[in-house]
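Residue-level structural notes
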Amino acid sequence: MDRQSVSSSNIVSIGYEEASETLEVEFTNGRIYQYYNVPAFMFEQMTTATSVGQFFNANIKNAYSCSQV
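When you go through the chain residue by residue, the secondary structure sums to 2 helices and 5 strands. In the chain, the order of α-helices and β-strands from amino to carboxyl end is β-β-β-β-α-α-β. In summary, the chain has a C-alpha radius of gyration of 11 Å against a globular reference of 11 Å for 69 residues, a match within 12%. The dimensions of the chain, computed from C-alpha atoms along their principal axes, are 30 × 25 × 25 Å. Long-range pairs, those at least 24 residues apart, make up 36% of the contacts in the chain between residues at least 6 apart in sequence. Accessible surface, the chain: about 4,200 Å² in total, of which carbon and sulfur atoms supply 41%.

Here's what the structure looks like:
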């Protein structure tokens, strides 16, 4: 999955696959996680958030199932 770099102290890059509603997040510790059934509008809001990390923690982290890639 293609990811785009983001400005964040905890997150390096994020990517999204609309067909499967999968959000992929690469963290500064090198780990990559995929979050499932994330609506496209959530990804769009994340890309335009003032703080990507705060948006992630508030709206994605414990709201969607995930697995480490």
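As a general point, the strands of a sheet are linked pairwise by backbone hydrogen bonds and lie either parallel or antiparallel. Pairing in this open sheet of 5 strands is antiparallel, and the strands run 1-2-3-4-5 from one edge to the other. Edge positions in the sheet fall to strand 1 (4–5) and strand 5 (66–68), since each has one partner strand and no second. Against the sheet, helix 1 (residues 40–48) makes contact with strand 1, strand 2 (11–17) and strand 3 (22–27), and its axis sits at roughly 150 degrees relative to strand 2, the strand it touches most. Strands strand 2, strand 3 and strand 4 (32–35) of the sheet are contacted by helix 2 (residues 52–59), whose axis makes an angle of about 55 degrees with strand 2.

Nonpolar side chains in soluble globular proteins tend to end up buried together. Of all hydrophobic cores here, the largest spans 17 residues; its most connected members are Ile 11, Leu 23, Tyr 35, Met 46 and Ile 60. Secondary-structure elements contributing two or more residues to this core are strand 2, strand 3, helix 1 and helix 2. In contact with Met 46, other than residues within four places in its own chain, are Ile 11, Ile 14, Leu 23, Val 52, Phe 55, Phe 56 and Ile 60.

All chains considered together, the criterion is met by 2 salt bridges. Note that Glu 24 is salt-bridged to Arg 3, the shortest N-O span being 2.6 Å. Of this pair, Glu 24 sits in strand 3 while Arg 3 sits in the segment before strand 1, and the two are 21 residues apart along the sequence. Between Arg 3 and Glu 26 there is a salt bridge, with the nearest N and O atoms lying 3.2 Å from each other. Placement of Arg 3 in the segment before strand 1 and of Glu 26 in strand 3 is noted, with a sequence separation of 23 residues between them. A cluster of three or more residues bridged by salt bridges with shared partners is formed by Arg 3, Glu 24 and Glu 26.

Reading guide: rules and limits
- Residues numbered from 1 in each chain as written.
- Predicted model: local features only at pLDDT ≥ 70, side-chain atom pairs only at ≥ 80, totals over all residues.
- Heavy atoms only, no water.
- Helix = DSSP H or I, 4+ residues; strand = E, 2+ residues; numbered from the N terminus.
- Rg over C-alpha atoms; globule rule 2.2 N^0.38 Å.
- Contact = heavy atoms within 4.5 Å.
- Areas by Shrake-Rupley, 256 points an atom, 1.4 Å probe, with all protein chains shown as cover.
- Pairing = 2+ DSSP bridges.
- Axes fitted to C-alpha atoms, helices over the stretch in contact; angles between N-to-C directions.
- Core = buried A, V, L, I, M, F, W, Y, C linked by side-chain atoms within 4.5 Å.
- Buried < 20%, exposed > 50% of the residue type's maximum accessible area, 1.4 Å probe, protein only.
- Salt bridge = Lys/Arg side-chain N within 4 Å of Asp/Glu carboxyl O.

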